[in-house]
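Okay, here's what each chain looks like letter by letter:
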Amino acid sequence: MPLTRSFDDASVVLTGASSGIGTATAYALARRGAAVVLAARSEEALERVASRCRALGGRALAVPTDVTDPVAVERLAARAAEEFGHIDAWVNNAAVSAVGLFDEIPVREFRRVLEVNLLGAVYGMKAALPYLDAAGGGVLVNNASVLAEVAMPYQSAYNATKHGIRGLADTVRQELRVTGRGNISVCTVLPASIDTPFFRHAANHTGRELVPPPPVYPPEVVAETIVRVLRRPRREAYAGGAARLIGAQWRLAPALAERVLGWYAHRTQFGPAGRLDGTGNVFTADAAAERDGGWHGRRRQLVRMTAAFGLAAAGTAVGTMAAMNRRARTDR
């Protein structure tokens with residue numbers, strides 16, 4: 001079910017709110033008059049985002065929170081309910097990544113990515129459900145990625161967590177339905193490449209600059225998708241046309257799509273400049289409060305790359321039909 005209140009009377013908890021998609025979503029909700037409870041590790045960044053939310057017409061509360069700490073996440077929920085009287089929606093958005101070949105990513109970093117992305121969503125859902133139920137219903141949104149449906153090389157830890165989040169959401173949705181708690185909706189958002197600081201903040205074990213594979217969409221595309229699913233919940237929602245197209249290709253011909261996307265990501269995920277390896281923001285919070293990542297030039301490749309994906313989709317369809325015809329002839 002949708003929010004039981006209008007946006008100007010609703011309170012929304014948002015993790016990962018100090019940059020990127022989280023910041024853009026906070027601003028989108030604030031413009032609609034919502035009360036936003038902002039969670040991330042950096043208090044400095046959160047306060048800057050909260051100040052901007054108030055200037056946009058919303059109410060805002062900054063609650064520094066490490067989502068890998070279940071006690072801290074429970075405190076976040078309690079603080080939100082204490083401040084605004086109820087929680088109507090919860091958006092699990094916090095995420096980090098360690099980029100590199102699977103056998104070269106340190107176990108310590110791999111574990112931390114699992115803790116932030118997957119267990120952070122687990123703790124958020126556990127904290128949110130009692131408050132959403134007490135409010136008479138509401139919406140729980142997990143911001144995953146199109147990598148919850150497909151896979152991309154050099155992102156093994158991130159891929160694993162996003163696939164896990166999608167399965168977790170599906171299971172909890174089933175449980176709510178069969179136990180008579182259908183007043184709570186569980187939604188998964190699957191964005192394409194987004195212009196945020198994410199790639200710059202990732203732990204890097206490639207020796208090269210990391211860049212988002214085009215086409216790259218502005219974070220507001222995801223923010224508006226989240227707003228839409230709060231108003232009209234659905235199981236899953238893509239953010240960015242390329243995400244929908246890639247997902248369709250993967251379902252239609254998974255083996256071929258896996259090879260094509262692997263080749264494409266290998267060719268487009270790295271910039272020309274060298275860069276020393278580092279742990280990025282996996283263990284240390286970033287206080288910049290930046291909404292975008294400065295990848296504006298790669299946005300301009302949208303039309304060309306979308307056309308390329310369209311041709312790839314057509315080729316995938318033709319290949320699949322040919323394979324089906326061959327099997328049919330063999331079966332005769």
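Figured I'd write up the structure that's included with this text.

Cut-offs and rules
Residues numbered from 1 in each chain as written. Predicted model: local features only at pLDDT ≥ 70, side-chain atom pairs only at ≥ 80, totals over all residues. Heavy atoms only, no water. Core = buried A, V, L, I, M, F, W, Y, C linked by side-chain atoms within 4.5 Å. Buried < 20%, exposed > 50% of the residue type's maximum accessible area, 1.4 Å probe, protein only. Helix = DSSP H or I, 4+ residues; strand = E, 2+ residues; numbered from the N terminus. Phe/Tyr/Trp six-rings, centres within 6.5 Å; stacked < 30°, edge-to-face > 60°. Pairing = 2+ DSSP bridges. Axes fitted to C-alpha atoms, helices over the stretch in contact; angles between N-to-C directions. Expected span 1.5 Å × (residues − 1). Right-handed = clockwise from strand over helix to strand, strands pointing away. Salt bridge = Lys/Arg side-chain N within 4 Å of Asp/Glu carboxyl O.

## Structural notes on the nonpolar core
Note that soluble globular proteins tend to have their nonpolar side chains buried in a common cluster. Residues Leu29, Leu38, Cys53, Val141 and Leu230 are the most contacted members of the largest nonpolar core, which totals 66 residues. Broken down by element, this core gets its largest block of residues, seven residues, from helix H1 (residues 20–31). In this structure, Val37, Phe84, Ala127 and Leu129 belong to the second largest nonpolar core, which totals 36 residues.

## Overview of the packing of aromatic side chains
How two aromatic rings sit relative to each other is set out by the distance from centre to centre and by the angle between their planes. If you walk through the whole model with that rule in mind, you get four aromatic pairs. Between Tyr158 and Phe198, the ring centres sit 5.1 Å apart and the planes meet at 55°, which makes this aromatic pair tilted. Taken together, the residues span a long stretch of sequence, with Tyr158 in helix H5 (residues 156–178) and Phe198 in helix H6 (residues 198–201) at a distance of 40 residues. Accessibility expressed as a relative area gives 9% for Tyr158, which makes it buried.

## Thoughts on the pairing of strand E4 (residues 89–92)
Alternating residues of E4 divide into Ala89 and Val91 and Trp90 and Asn92, and every residue in both groups is buried. Bridge count for strand E1 (residues 11–15) against E4 is three bridges, and the pairing is parallel. What sits directly across from Val12, in E4, is Ala89. Pairing analysis gives four bridges linking E4 to strand E6 (residues 138–143), with the strands arranged parallel. Opposite Trp90, over in E6, you have Leu140 as the bridge partner.

## Re the sheet that holds E6
Strand order in the open sheet formed by seven strands is E3-E2-E1-E4-E6-E7-E12, and the pairing between neighbours is parallel. This sheet does not close on itself; its edge strands, each paired only once, are strand E3 (59–64) and strand E12 (236–239). Sheet twist, expressed as the average angle between the axes of neighbouring strands with direction ignored, equals 20°. Pairing between strand E7 (residues 184–191) and E12: four bridges, direction parallel. In the strand pairing of E12, Val189 is matched with Ala237.

## Some thoughts on helix H2 (residues 43–55)
An ideal rise of 1.5 Å per residue puts 18 Å on 13 residues; H2 measures up with 18 Å between its terminal C-alpha atoms. Downstream of H2 by a residue or two, Gly57 has a phi angle that is positive, lying close to 110°.

## Regarding the pairing of E3
Sheet topology places strand E2 (residues 35–40) next to E3; six bridges connect them, and they run parallel. In the strand pairing of E3, Leu38 is matched with Ala62. Note on the crossover from E2 through H2 to E3: the handedness is right-handed.

## Structural notes on the pattern of salt bridges
Here the structure, examined in full by the defined rule, presents eight salt bridges. For Arg32, the salt bridge is made with Glu224, and the minimal N-O distance between the two is 2.8 Å. Taken together, the positions of Arg32 in the loop between H1 and E2 and Glu224 in helix H7 (residues 219–231) put the pair 192 residues apart, joining distant regions of the chain. Judged by relative accessible area, Arg32 falls into the partly exposed class, the value being 26%. Salt bridges here are not isolated pairs; linked through shared partners, they connect Asp170, Arg173 and Arg235.

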